[in-house]
Amino acid sequence: MSMRYISTRGAGSAPEEPAKSFCDILLEGLAPDGGLFLPQSYPVLSADELTSMRGLSYADLAFAIISHYADDIPADDLKAIINKTYTPQVFGSEEITPLRTLEPDLHILQLSNGPTLAFKDMAMQFLGNLFEYVLAKRSAEINILGATSGDTGSSAEYAMKGKHGVRLFMLSPHEKMSPFQCAQMFSLQDENIFNIAVRGVFDDCQDVVKAVSNDLVFKAKYKIGAVNSINWGRIVAQVVYYFKGYFAVTSSNEEKVSFAVPSGNFGNVLAGHIARMMGLPVRHLIVATNENDVLDEFFRTGRYRQRKAAETRQTSSPSMDISKASNFERFLYDLLWRDPAAVRELMRKVDHEGGFDVSECADVWKRMPAFGFISGRSMHADRIAIIRMVWEKYGIEIDTHTADGLKVALEHREHGVPLVCLETALPAKFESSMVEALGRKPVRPAALDDIENLPQRFELMDADALAIKRFIAGKING
Ligand SMILES: *Cc1c(COP(=O)(O)O)cnc(C)c1O
């Protein structure tokens, strides 16, 4: 049976509205009904299949998992895309995601050795190669439009640069990112990458993206697309390293492992949920938030209360500064027995009442523990203390996001259960917090030593959707 995709709000479930294939949904953002795409069912791995995965290289493991989801791509082609993506040249080592053991049963899985020093490269590099392949097959092209306050923009640019059939327009708030982050993005000289520095803040950038995407005529004419965290191709690629981490810390599939995940839009830890649904023996998925604690509140109390832009705090783990968790609806769908009507009702409440409370429904609340999620929150002082502790005790530098994960992980540690903390960025990206914690600048990969001094290429514009549409059209028409 082939893998088909449906929307969390019901599209694709009716006979007159056929469900879609992996390549169909890859280039789309939201489903037409406003929901998120998910497979009709998760492939559940047999014990033999799981055993056969132990010991595979990262690329072979990725193929074993992703081929279940991308079954409309011929196996040899998919293999070639994956082998081209997960190489030591791109990710710095044969292991791709090396494990660092702090002490028995306490580990860090390093996911940040890609080109932009954050875990987003793990999925985005795959997406770049995948897009190029699918677009060539369909003789199509895409113009990706996005807004970034840091990590997403750079990882998208390093994934899409030089790719045939792809142009990328990335909006960022002028003079609001760190010098390192600006240098990472603006020093790219590839002709298909367009950096637009917007006079304003991140929300202004996002408003422009929304305004452009809501212009359906413009969107269709100029083939505007997105690569944000709800993209299913990204989620699928992230499932792989949960398996990699599990095999790295166990010797048999009888053992259970817990994962701690620094979370924002719920993309990373959702991939852990999917790995668990596929049969990976995961005990707990530990969701760590910073001061922006919408997810921690939900997993502790059942209350999901979307924050307003004004309530969203700027923190020293900025990539987790979110007001709503865009991928959360996918978990909700599984929690609600995969009933799209129930999802629609709760999302209606989010729109009209600002949130909902699943603890009011005894049946839902009762089944929550079966999914293995637990959570906690980490504040600025916690991050700084953890960074210091890890340096003093283990001689290892971790960044502020990974520190949030480790802080919450330690609160939930269980005797005899290996705990894997996902590292989501390298300290080099967040110099000022590292100076605050350790009194000195973090180590930077040698290749990036002088990045701030490279020539920069960007367009400075007002937060004016019309002007930005004109700019995009001009570049596309050449
Ligand atoms: C994006 C990001 C996160 C949050 O991941 P989600 O998938 O949005 O939950 C955490 N840490 C870093 C460094 C990131 O770039």
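Here the structure is a predicted model, which is why all the values come from computation and not from measurement. (Residues numbered from 1 in each chain as written. Predicted model: local features only at pLDDT ≥ 70, side-chain atom pairs only at ≥ 80, totals over all residues. Heavy atoms only, no water.)

Novice: What is the right way to read the environment of Leu38 from this model?
Specialist: Topologically, Leu38 is positioned in strand E2 (residues 37-39). According to the relative accessible area criterion, Leu38 is buried, its value standing at 0%. Distance in space between the C-alpha atoms of Leu38 and Tyr333 is 9.2 Å, their sequence separation being 295 residues. (Helix = DSSP H or I, 4+ residues; strand = E, 2+ residues; numbered from the N terminus. Buried < 20%, exposed > 50% of the residue type's maximum accessible area, 1.4 Å probe, protein only.)

Novice: I'm lost on the packing of aromatic side chains in this one. Help?
Specialist: Aromatic ring pairs are described here by two measures, namely the spacing of the ring centres and the angle between the planes. All told, the structure shown has 28 aromatic pairs when counted by the stated rule. Ring centres of Phe266 and Phe331 lie 6.3 Å apart, and the angle between their planes is 55 degrees; this geometry places the pair in the tilted category. Of this pair, Phe266 sits in the loop between strand E9 (257-262) and helix H12 (267-277) while Phe331 sits in helix H14 (residues 328-335); the two residues are 65 residues apart in sequence, bridging distant segments of the chain. Each of the two residues, Phe266 as well as Phe331, counts as buried. The cationic tip of Arg338 hangs over the ring face of Tyr42; the distance from NZ or CZ to the ring centre is 5.0 Å. (Phe/Tyr/Trp six-rings, centres within 6.5 Å; stacked < 30°, edge-to-face > 60°. Lys NZ or Arg CZ within 6 Å of the ring centre and 35° of its normal.)

Novice: Where do I start with the packing of helix H4 (residues 75-85) against helix H6 (residues 120-137) in this structure?
Specialist: Describing two packed helices takes the angle between their axes plus the distance from one axis to the other. In contact at an axis separation of 9 Å, H4 and H6 are set at 145 degrees when each is read in the N-to-C sense. Here the hand of the crossing between H4 and H6 comes out right-handed. Counted together, Asp77, Ile81, Ile82, Lys84 and Thr85 of H4 and Gln125, Phe126, Asn129, Leu130, Glu132, Tyr133 and Lys137 of H6 form the full contact between these two elements. Considering only residue class, the contact of H4 with H6 consists of 5 nonpolar, 3 polar and 4 charged. (Axes fitted to C-alpha atoms, helices over the stretch in contact; angles between N-to-C directions. Left-handed = near helix turned anticlockwise from the far one by under 90°. Contact = heavy atoms within 4.5 Å. Nonpolar A, V, L, I, M, F, W, Y, C, P; charged D, E, K, R; others polar.)

Novice: Would you explain the site of the ligand in this entry?
Specialist: With respect to spatial proximity, 15 residues lie near the ligand, and among them Lys120, Asp151, Gly264, Asn265 and Asn268 are the closest. Here an oxygen atom of the ligand and a backbone polar atom of Gly264 are 2.7 Å apart. Residue Asn268 places a main-chain N or O atom 2.9 Å away from an oxygen atom belonging to the ligand. In isolation the ligand offers 390 Å² of accessible surface; the protein chains occlude 97% of this area. (Near = heavy atom within 4 Å. Polar contact = N/O pair within 3.5 Å; in protein donor to acceptor, adjacent residues only side chain to side chain. Areas by Shrake-Rupley, 256 points an atom, 1.4 Å probe, with all protein chains shown as cover.)

Novice: Explain the side chain of Lys244 here, please?
Specialist: One can find Lys244 in helix H11 (residues 232-249). For the buried Lys244, no salt bridge is present, and the opposite-charge side chain at shortest range is Glu95, 7.6 Å distant. Within polar-contact distance, the side chain of Lys244 engages the backbone oxygen of Leu56 at 3.4 Å. In contact with Lys244, other than residues within four places in its own chain, are Leu56, Ser57, Tyr58, Leu61, Glu95 and Thr97. (Lys, Arg positive; Asp, Glu negative; His and termini not counted. Salt bridge = Lys/Arg side-chain N within 4 Å of Asp/Glu carboxyl O.)

Novice: How do you make sense of the environment of Asp464 when you look at a structure like this?
Specialist: Mapping Asp464 onto the fold places it in the loop between strand E15 (459-462) and helix H20 (465-477). The spatial distance from the C-alpha of Asp464 to the C-alpha of Ala403 is 38 Å, given a sequence separation of 61 residues.

Novice: Is there a simple way to think about the side chain of Asp296 in this case?
Specialist: Note that Asp296 resides in helix H13 (residues 294-301). The buried category is assigned to Asp296, whose relative accessible area is 3%. Within the structure, the side chain of Asp296 is placed 2.5 Å from the side chain of Ser375, a separation counted as a polar contact. Of the polar contacts made by the side chain of Asp296, one reaches the backbone nitrogen of Gly376; its length is 3.2 Å.

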